[in-house]
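Results of the structural survey
Residues per chain are reported as follows:
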Amino acid sequence: MSTATTTPDALAQRLADSGLRSTPQREVVYDVLLKKRDHPTADEVFVRVKGELPTISLATVYNCLETLVQCDLVRAVNFERGPTRYCPNLRPHAHFHDEQSGATHDIDLPPILLEQVHAILPPDYDAKSVEIIFRGKASRPSNEHRVASSEHPAR
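Along the protein chain, the regular secondary structure elements total five helices and five strands. Going from the N terminus to the C terminus, the protein chain shows its helices and strands as α-α-α-α-β-β-β-β-α-β. Taking all 155 residues of the protein chain together, the buried fraction comes to 36%. A separation threshold of at least 6 residues defines the contact pool for the protein chain, and within that pool the share at least 24 residues apart is 52%. Total accessible area on the protein chain stands at roughly 9500 Å², and carbon and sulfur atoms take up 51% of it.

In structure tokens:
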């Protein structure tokens, strides 16, 4: 997977490479996702963006998120029937969805595990991505979990 783009110029270049231009709305939506890496829904992103762009519409936020996903700047994460959540961590990783609190945490995956997962595919298959989602509940307070911190910058 690709790495996260963190500067406005790099974001603009990544959008331009996809035939799109950078807009203030796209920049703010992306910045909101990078600032607090808690896998927010579009509605949560909308509330956060309203502080900086009071006239932005929910439809514009959805459009910005879709663009960021299409340009491989953000991952869309889906948990069955729940709303789509957005993750700017583009390193290979899994997610742990705490069904009790609703929180989602990034879980770093060892490269050897990813190699083993790809190795079990039939010879004629080539997966462009792998999604591993753990569901359950935390048995300890979240600050004691051995998961990738949502504050870790994407590499």
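Anyway, onward from the coordinates.
Let us now look at the pattern of salt bridges. For the structure shown, the criterion picks out seven salt bridges. Of the charged contacts in the structure, one is a salt bridge between R48 and D38, with a shortest N-O distance of 2.6 Å. Taken as a pair, R48 in helix α3 (residues 42–50) and D38 in the loop between α2 (24–35) and α3 lie far apart in primary sequence, ten residues in all. On the basis of relative accessible area, R48 is assigned to the partly exposed category, the value being 25%. When its relative accessible area of 24% is taken as the criterion, D38 is described as partly exposed. Note that R135 is salt-bridged to E80, the shortest N-O span being 3.7 Å. With a gap of 55 residues between them, R135 in strand β5 (residues 133–136) and E80 in the loop between β1 (75–77) and β2 (85–87) connect regions that are remote in the sequence. Classification of R135 as partly exposed rests on a relative accessible area of 38%. Through salt bridges with shared partners, one network takes in D31, K35 and E52.

Two numbers describe how α2 lies on α3: the axes approach to 10 Å, and their chain directions differ by 110°. As summarised for this structure, α2 and α3 are arranged roughly perpendicular, according to the angle between their axes. From α2, V28, V29, V32 and L33 reach across to α3, where they touch V45, R48 and V49.

Relative to the helices and strands, H39 resides in the loop between α2 and α3. Taking relative accessible area as the criterion, H39 reaches 1% and is therefore assigned buried. Looking at H39, its side chain comes within polar contact range of the side chain of D106, at 2.6 Å. Beyond its immediate sequence surroundings of up to four residues, H39 is in contact with E44, R85, Y86, C87, H95, T104, H105 and D106.

Calculation rules
- Throughout this description, residue numbers start from 1 for each chain and increase along the sequence as written.
- Totals for whole chains, interfaces and linings use every residue, but because this is a predicted model, local features are given only for residues with pLDDT of at least 70 and side-chain atom pairs only at 80 or more, for both listing and counting.
- Side-chain measures were taken over the full set of non-hydrogen atoms in the model, leaving aside hydrogen atoms and water.
- The helix count covers DSSP runs of H or I at least four residues long, the strand count covers runs of E at least two residues long, and both are numbered beginning at the N terminus.
- Residue burial is assigned from relative accessible area. The probe radius is 1.4 Å, only protein chains are included, and a residue is buried under 20% of its type maximum, exposed over 50%, and partly exposed in between.
- Two residues qualify as a contact provided that any one of their heavy atoms is within 4.5 Å of a heavy atom in the partner residue.
- Computed with a 1.4 Å probe, the accessible areas rest on the Shrake-Rupley method; for each residue, only the protein chains presented here act as cover.
- For this analysis, a salt bridge means a side-chain nitrogen from Lys or Arg found within 4 Å of a carboxyl oxygen belonging to Asp or Glu.
- For every element, the axis is a line fit to its C-alpha atoms; helices are fit only across the contacting stretch, and the angle between N-to-C directions ranges from 0 to 180 degrees.
- Note that the term roughly parallel is reserved for angles under 35 degrees, roughly antiparallel for angles over 145, roughly perpendicular for angles of 65 to 115, and oblique for everything else.
- Two N or O atoms count as a polar contact when they lie within 3.5 Å, although within protein this holds only if one can serve as hydrogen donor and the other as acceptor, and sequence-adjacent residues are included solely when both atoms are side-chain atoms.

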